[in-house]
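Below, each chain spelled out in residue letters.
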Amino acid sequence: MEGMVAIKSFIHKRKEVCFVSAKILVVDDEKNIVDILKFNLTKEGFSTVEANDGEQAIELALSEKPDLILLDIMLPKMDGFTVCRKLRESVSTPIIMITAKEEEVDKVLGLELGADDYITKPFSTRELMARVKANLRRVASSAEAQKKQANCLKFGELEIDIEHYEVRRNNEVIELTLREFELVKFLALQQGQIFSRESLLEKVWGYEYYGDVRTVDVTVRRVREKIEKDPSNPYYIMTKRGVGYYFNKIS
């Protein structure tokens, strides 16, 4: 019995190794919040850098190249929405938005601007760590999967370059966030297979219990606006009413 416990513990630790050394950029203008986040992240084995306003957040995100960004919305000099939008012009680092507001519009706007996830104050340390680890695990799993998959998928005018994390239509690069790319790639690799929103949340976002299925809808809508000629009449990412989404079978 003790041997089995030891094996399970070893496996768990092996799974954690892939991201415990990750660098997290914490962005919040409240010192007590920054201190709490830094303490708990460091306790879990992460390293941290901290920013107290929007301009500093962009500067550190570009210079420090963190593995994940915890980004508060209400910031001096430049709000979190603007920071997220500007960062998405050049980096695909996972971004978790932190907000004290409950309004759905704030969450949806963050996702529309390219955030990967969100968490609402006050939040528990357990939930925060679950979200951080889930996002880092997804990135690590994606990188590992790249080694085992074909470098390029072609569907008519659309080309998915897995090696270079690019989607092109008629040889023109379409700018996608990492999350958007992962969603397109996942569906394309299972062409014709229908996935529920809950299933996509688990398989693409990397967690099962802490997500909101609306996150999937927002991301699908954003992807369609970028890759489809007519987003209201999609050709690639299709909807199965009452079930979920799938990538159209294209010869």
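Residues numbered from 1 in each chain as written. Predicted model: local features only at pLDDT ≥ 70, side-chain atom pairs only at ≥ 80, totals over all residues. Heavy atoms only, no water.

Within an unreviewed UniProt entry, the label attached to the chain reads Stage 0 sporulation protein A homolog, and the organism entered is Acetivibrio straminisolvens JCM 21531. UniProt lists a comment for the chain under the heading Function (unreviewed entry), and it reads "May play the central regulatory role in sporulation. It may be an element of the effector pathway responsible for the activation of sporulation genes in response to nutritional stress. Spo0A may act in concert with spo0H (a sigma factor) to control the expression of some genes that are critical to the sporulation process." (UniProt positions renumbered as here; feature names shortened; annotations may be inferred.)

Peer 1: Is there a simple way to explain the overall build of the chain in this structure?
Peer 2: For the chain, the helix and strand inventory stands at 9 helices and 11 strands. Look at the contacts in the chain between residues 6 or more apart in sequence, and 57% of them connect residues 24 or more apart. As presented, the chain carries roughly 13100 Å² of accessible surface, and 51% of it is formed by carbon and sulfur atoms. (Helix = DSSP H or I, 4+ residues; strand = E, 2+ residues; numbered from the N terminus. Contact = heavy atoms within 4.5 Å. Areas by Shrake-Rupley, 256 points an atom, 1.4 Å probe, with all protein chains shown as cover.)

Peer 1: I tried to follow the pattern of salt bridges on my own but got confused; where do I start?
Peer 2: Side chains carrying opposite charge are able to pair once their charged atoms draw close together. Per the stated rule, a full pass over the model turns up 21 salt bridges. Close ionic contact of Lys-229 with Glu-157 constitutes a salt bridge, the shortest N to O distance being 3.2 Å. Taken together, the residues span a long stretch of sequence, with Lys-229 in the loop between α9 (214-227) and β10 (237-240) and Glu-157 in the loop between β6 (152-155) and β7 (158-161) at a distance of 72 residues. Residue classification places Lys-229 among the exposed residues on the basis of a relative accessible area of 62%. Judged by its relative accessible area of 32%, Glu-157 is partly exposed. The salt bridge involving Glu-180 is made with Lys-226; its shortest N-O contact spans 2.8 Å. With a gap of 46 residues between them, Glu-180 in helix α7 (residues 178-189) and Lys-226 in helix α9 connect regions that are remote in the sequence. In this structure, a network of salt bridges that share partners links the residues Asp-28, Glu-30, Asp-72 and Lys-121. (Salt bridge = Lys/Arg side-chain N within 4 Å of Asp/Glu carboxyl O. Buried < 20%, exposed > 50% of the residue type's maximum accessible area, 1.4 Å probe, protein only.)

Peer 1: Sorry if this is basic, but what is going on with α7 here?
Peer 2: Given 3.6 residues to a turn, an α-helix orients residues that are three or four positions apart in the same direction. In this model α7 runs 16 Å from its N-terminal to its C-terminal C-alpha over 12 residues, within 8% of the 16 Å that 1.5 Å per residue would give. Counting buried residues in α7 gives 11 out of 12 residues, a clear majority hidden from the surface. Within α7, the full set of buried residues consists of Leu-178, Arg-179, Glu-180, Phe-181, Glu-182, Leu-183, Val-184, Lys-185, Phe-186, Leu-187 and Ala-188. (Expected span 1.5 Å × (residues − 1).)

Peer 1: It is not clear to me how the side chain of Thr-93 should be interpreted in this structure. Could you clarify?
Peer 2: Locating Thr-93 in the fold gives a position in the loop between α4 (80-87) and β4 (95-99). If near-sequence neighbours (up to four positions away) are discounted, Thr-93 is found in contact with Pro-66, Asp-67, Leu-68, Ile-69, Arg-88 and Asp-116.

Peer 1: Please clarify how helix α2 (residues 31-43) should be interpreted in this entry.
Peer 2: The terminal C-alpha atoms of α2, which comprises 13 residues, lie 18 Å apart, in line with the 18 Å expected from a rise of 1.5 Å per residue. Among all positions in α2, only Ile-33, Val-34, Leu-37, Asn-40 and Leu-41 are buried. With its buried residues spanning 140 degrees around the axis, α2 presents them on a single face. Projecting away from the buried face of α2 at angles above 90 degrees are the exposed residues Lys-31, Phe-39 and Lys-43. Where α2 terminates, the next one or two residues include Gly-45, which has phi positive at roughly 100 degrees. (Arc of directions from axis to C-beta.)

Peer 1: Explanation requested: the sheet that holds β4 in the structure shown.
Peer 2: The pairing of strands in a sheet comes from backbone hydrogen bonds and takes either a parallel or an antiparallel form. Spatially, the 5 strands line up as an open sheet ordered β2-β1-β3-β4-β5, and their pairing is parallel. Edge strands, defined here as strands with exactly one partner in the open sheet, are β2 (47-51) and β5 (117-120). Pairwise comparison of adjacent strand axes, ignoring direction, gives a mean angle of 20 degrees for this sheet. Alignment of β4 against β5, held across 4 bridges, turns out to be parallel. (Pairing = 2+ DSSP bridges. Axes fitted to C-alpha atoms, helices over the stretch in contact; angles between N-to-C directions.)

Peer 1: Would you mind showing me how to read the side chain of Glu-180 here?
Peer 2: Note on Glu-180: relative accessible area 0%, which makes it buried. Beyond its immediate chain neighbours, meaning those up to four positions away, Glu-180 contacts Glu-175, Thr-219, Arg-222, Val-223 and Lys-226.

Peer 1: Which parts of the structure should I look at to understand the packing of aromatic side chains?
Peer 2: Aromatic ring pairs are defined here through the distance separating the ring centres and the angle between the ring planes. In this structure the tally under the stated criterion is 5 aromatic pairs. On the numbers, 5.0 Å between centres and 75 degrees between planes, the contact of Tyr-235 with Tyr-236 is edge-to-face. Since its relative accessible area comes to 5%, Tyr-236 is described here as buried. Among the aromatic residues, those joined into a ring-pair cluster are Phe-155, Tyr-235, Tyr-236 and Phe-247. (Phe/Tyr/Trp six-rings, centres within 6.5 Å; stacked < 30°, edge-to-face > 60°.)

Peer 1: Please clarify how unusual backbone geometry should be interpreted in this entry.
Peer 2: As a rule of thumb, non-glycine residues mostly have phi less than zero, and peptide bonds are mostly trans rather than cis. With an omega of -5 degrees, the peptide bond running from Lys-121 to Pro-122 counts as cis. Note on placement: Pro-122 falls in the loop between β5 and α6 (125-146). A positive phi angle is found at Asn-170, which is not glycine, with a value near 55 degrees. Relative to the helices and strands, Asn-170 resides in the loop between β8 (166-169) and β9 (172-174).

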